[in-house]
Amino acid sequence: MKKLNKYKYIYLFIVVLSLIGFLSGYFYYNAQSNEMKDQIQNKINIEEELSTTTNNTFKRLKETSIYFICGLTIIPEPINIFHIYYEPFTAGFIFNMLKPYSLKFSLFYTLIYHLIPLLFKLILLRLTMSLSYNLFKYIFKKSSKNKKKAILLSKKYLILTLFLLFYEFIIFIFNPSIHEFLMTFITN
């Protein structure tokens, strides 16, 4: 609780920006013309999509590596801040796009494949902000305290990344069962 209180403004910033991103994505899909919505629905054949197995483990590893490198190099940290907006934007767009199939389908699909990984990524992005801040302070103050904090944050980042990769691996293993479960909402 103490840590949550310490970073409350960072978390507030992340939550607000994420909510704005999710709502923007949701309403952006509504702003599309009916022709464009039909093209999107036809291009993304969800039944065909659910018949294949998807492994996002390497995709998540690549994303988290980029976040970490941006956090270490300090200057591209705005790229990470952009991801705080863009990732929820994508989830909101997909959620609204899948609603014609079924609200339950849209909710479960978005939760499993987008919102849970998004939660991990947002925490990772918060860690990169703190890492950048501590590295910046270390560069200018040469304080060993900031160096120790940066190392600790890097370790936390690694552990949380491993949890995210484990989650994606579990989803990959249970992909056929999850897809079968999701298909029940489409066929009803």
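Colleague: I'd like to hear about the overall build of the protein chain, residue by residue, with values.
Modeller: What the protein chain contains, in helices and strands, is nine helices and zero strands. Each helix and strand of the protein chain, ordered N terminal to C terminal, gives the series α-α-α-α-α-α-α-α-α. Considered along the principal axes of its C-alpha atoms, the protein chain spans approximately 60 × 35 × 30 Å. The buried share of the protein chain, taken over its 188 residues, is 41%. Across the protein chain, the fraction of contacts at a sequence separation of at least 24, relative to all contacts at a separation of at least 6, is 80%. Counting only carbon and sulfur atoms, one obtains 70% of the accessible surface of the protein chain, whose full area is about 11500 Å². Positive and negative side-chain charges in the protein chain, numbering 22 and 10 respectively, have mean positions lying 26 Å apart.

Colleague: Please provide a residue-by-residue account of the side chain of Thr57, values included.
Modeller: The residue Thr57 is located in helix H5 (residues 57-73) in this model. There is a polar contact of 2.7 Å between the side chain of Thr57 and the side chain of Asn55. Contacts of Thr57, omitting those with residues within four sequence positions, involve Leu165, Glu168 and Phe169.

Colleague: Quick one: what's the story with the nonpolar core, residue by residue and with numbers?
Modeller: By size, the foremost hydrophobic cluster in this structure holds 36 residues, and its most contacted members are Phe105, Tyr109 and Leu182. The biggest single contributor to this core is helix H7 (residues 103-141), with 13 residues. If we skip the residues at most four places from it in the chain, Tyr109 touches Ile46, Glu49, Leu50, Ile94, Leu98, His114 and Leu182.

Colleague: Now, about the confidence of the model for the protein chain: what can you tell me, with residues and values included?
Modeller: A residue-level look at the protein chain finds 97% of positions with pLDDT of 70 or above and a mean pLDDT of 87. Of all secondary-structure elements in the protein chain, the lowest mean pLDDT belongs to helix H1 (residues 2-6), at 69, while helix H2 (residues 8-31) reaches the highest, 92.

What counts and how
Residues numbered from 1 in each chain as written. Predicted model: local features only at pLDDT ≥ 70, side-chain atom pairs only at ≥ 80, totals over all residues. Heavy atoms only, no water. Helix = DSSP H or I, 4+ residues; strand = E, 2+ residues; numbered from the N terminus. Buried < 20%, exposed > 50% of the residue type's maximum accessible area, 1.4 Å probe, protein only. Contact = heavy atoms within 4.5 Å. Areas by Shrake-Rupley, 256 points an atom, 1.4 Å probe, with all protein chains shown as cover. Lys, Arg positive; Asp, Glu negative; His and termini not counted. Charge placed at Lys NZ, Arg CZ, Asp CG, Glu CD. Polar contact = N/O pair within 3.5 Å; in protein donor to acceptor, adjacent residues only side chain to side chain. Core = buried A, V, L, I, M, F, W, Y, C linked by side-chain atoms within 4.5 Å. pLDDT = per-residue confidence, 0-100.

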